[in-house]
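What the coordinates show
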Amino acid sequence: MASEPLAGAPLPWPEQPGDLPRRFASRAALEQQLRALFPEAPGALSPIRGGRRQAEQLLGRVQPERYAKARNFLNGPVTRLSPYIRHGALTLAEVRDAVFARTRSRQGSEKLINELGWRDYWQRLWQQLGDGIWRDQEELKTGHQPGAYARELPADVAEGRTGLACMDGFIAELHETGWLHNHARMWLAAYLVHWRRVRWQAGAQWFLRHLLDGDPASNNLSWQWVASSFSHKPYFFNRGNLERYSNGTFCRSCPLSEQGCPFDASYEQLEAELFAPMPAIRSGGSDRQPRRQTSRGSATTANPSAFSRPTRRR
Ligand SMILES: Cc1cc2nc3c(=O)[nH]c(=O)nc-3n(C[C@H](O)[C@H](O)[C@H](O)COP(=O)(O)OP(=O)(O)OC[C@H]3O[C@@H](n4cnc5c(N)ncnc54)[C@H](O)[C@@H]3O)c2cc1C
């Protein structure tokens, strides 16, 4: 595969002088060209290969019923289609049709179809909100003022040396491959916003710099969901949750596993530690069930319900 020539899909318009090259003798030649064009960029090419052919192969392996049961596990049967959808190598309608074609019952396809719906929903919101997706859509439900959050990404996070095997593992994967499982994105975002108390915008910008599927709508609005500026309460997790859905991989090798793991507590303890009391909005303790959502529309809308964030179960 490595020496196979790479040819871009034919363009519907004539190539212009000065266009970037689109055909390469090999992947190594592509890498060499990119190094010459962007000498300041560190690292190597992502192992994730682009293109329509690759997208079709992945689409042929979609397993909607298994997906519904095990998608939250890091090694679960997620599709990994996001970079191809993001760059237009596949349309959402094609993915939808493939999902229906591969399921025996409506129920079997529901979970994956829902997720495609989230992508579509975020895109529609972006169309309406424009750059407003960079602003808090609602007040935070953490009990902290926006000014309490640092504006910059901490250096140890940017460099993947937090000392936590899980977070450093996710950061390395983000930097090296440009893709992360949804659960890893949620954990990393929650760690940055709630444990490190950094503004979600700093995390969103960082993700957009690295993700191959980086998309301002899905990205920013998901960060806001974690932060609680677009949901009825903050998303956070504990060690038990991370350990379960990562099959204990990180905890086994973590130097902080025995002592000093910041996630090793009950939800009640973590809630008391991370957030200030906000009884009117967020009831404390063991309330992990979705509650009636309290979304308010952005200042730019005449119809707040058009922007409301449906309650979501993970
Ligand atoms: C903090 C954070 C940042 C994120 N940033 C992005 C981003 O920049 N670009 C992006 O495409 N997704 C983003 N997501 C959503 C989600 O994590 C990815 O779409 C998903 O992990 C991609 O992997 P997959 O293709 O295997 O997804 P699958 O689980 O196999 O789902 C199939 C497709 O459905 C869509 N989808 C699935 N989950 C979501 C979701 N929660 N929101 C929107 N669409 C979804 C994607 O197009 C995905 O390719 C983000 C989530 C979080 C929590």
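Refer to the preceding data block for the structure.
Residues numbered from 1 in each chain as written. Predicted model: local features only at pLDDT ≥ 70, side-chain atom pairs only at ≥ 80, totals over all residues.

1. Thoughts on the overall build of the protein
For the protein, the count of helices and strands is 14 helices and two strands. Taken across its 314 residues, the protein has 28% of its residues classed as buried. Considering only contacts in the protein between residues 6 or more positions apart, those separated by 24 or more positions represent 64%. (Helix = DSSP H or I, 4+ residues; strand = E, 2+ residues; numbered from the N terminus. Buried ≥ 20, exposed ≤ 12 C-beta atoms within 10 Å, placed from the backbone. Contact = placed C-beta atoms within 7 Å.)

2. As for the nonpolar core
The biggest cluster of nonpolar side chains holds 41 residues, and the ones touching the most others in it are Phe170, Trp187, Leu188, Ala189, Ala190, Val193 and Val226. Elements supplying a minimum of two residues to this core: helix H6 (106-129), helix H8 (165-177), helix H9 (182-195), helix H10 (200-210), helix H11 (216-227), helix H12 (239-245) and helix H13 (249-253). Looking at this core element by element, the count peaks at nine residues for H9. Residues contacting Trp187, with those up to four places away along its chain left out, are Cys166, Phe170, Phe237 and Leu242. In this structure, Leu81, Ile85, Leu90 and Ala98 belong to the second largest nonpolar core, which totals 13 residues. (Core = buried A, V, L, I, M, F, W, Y, C linked by C-beta atoms within 7 Å.)

3. A closer look at the environment of Ala202
Here Ala202 shows up in helix H10. Note on Ala202: 21 C-beta atoms within 10 Å, which makes it buried. Along the sequence, Ala202 and Pro154 sit 48 residues apart, while their C-alpha atoms lie 9.4 Å from each other. Other than its neighbours up to four places away in sequence, Ala202 contacts Arg151, Glu152 and Leu153.

4. Here's the deal with the site of the ligand
Neighbouring residues of the ligand: 28 residues in total, closest Thr79, Ser82, Asn182, Asn219 and Ser222. Within the residue set of the shell around the ligand, elements represented by two or more residues are helix H4 (82-86), H6, H9 and H11. Residue classes in the shell around the ligand are distributed as 12 nonpolar, eight polar and eight charged. The residue makeup of the shell around the ligand includes at least three contributed by each of domain 1 (35-128) and domain 2 (132-307). (Near = placed C-beta within 6 Å. Nonpolar A, V, L, I, M, F, W, Y, C, P; charged D, E, K, R; others polar. Domains from an automatic or database assignment.)

5. Looking at the packing of H8 against H9
Running from N to C, H8 and H9 cross one another at 115°; their axes reach a closest spacing of 10 Å. The two elements H8 and H9 cross, and the hand of that crossing is left-handed. Where H8 abuts H9, its residues Cys166, Met167 and Phe170 lie against Ala184, Trp187, Leu188 and Tyr191. Of the residues assigned to the contact of H8 with H9, the class counts are seven nonpolar, no polar and no charged. (Axes fitted to C-alpha atoms, helices over the stretch in contact; angles between N-to-C directions. Left-handed = near helix turned anticlockwise from the far one by under 90°.)

6. With respect to unusual backbone geometry
Here Arg197, not a glycine, exhibits a phi torsion of approximately 50°, which is positive. Here Arg197 is to be found in the loop between H9 and H10.

7. Observations regarding H11
Spanning 12 residues, H11 covers 16 Å between terminal C-alpha atoms, matching the ideal 16 Å at 1.5 Å per step. Summarising burial for H11: 10 of the 12 residues are buried, a large majority. Along H11, the positions that sit buried rather than exposed are Ser218, Asn219, Asn220, Leu221, Ser222, Trp223, Gln224, Trp225, Val226 and Ala227. Next to the buried residues of H11 lie H6, H9 and H10. Ser228 lies just past H11 and shows a positive phi near 90°. (Expected span 1.5 Å × (residues − 1).)

8. Things to note about the packing of helix H5 (residues 92-101) against H6
Running from amino to carboxyl end, H5 crosses H6 at an angle of 175°, the nearest separation of the two axes being 10 Å. Here H5 is positioned roughly antiparallel relative to H6, judged by the angle of their axes. Within the contact between the two elements, H5 uses Leu92, Val95, Arg96, Val99 and Phe100 and H6 uses Ser109, Leu112, Ile113, Leu116, Arg119 and Asp120. Class assignment for the residues of the contact of H5 with H6 results in seven nonpolar, one polar and three charged. (Parallel < 35°, antiparallel > 145°, perpendicular 65-115°, else oblique.)

All quantities given are derived from atomic positions and should not be read as evidence of function.
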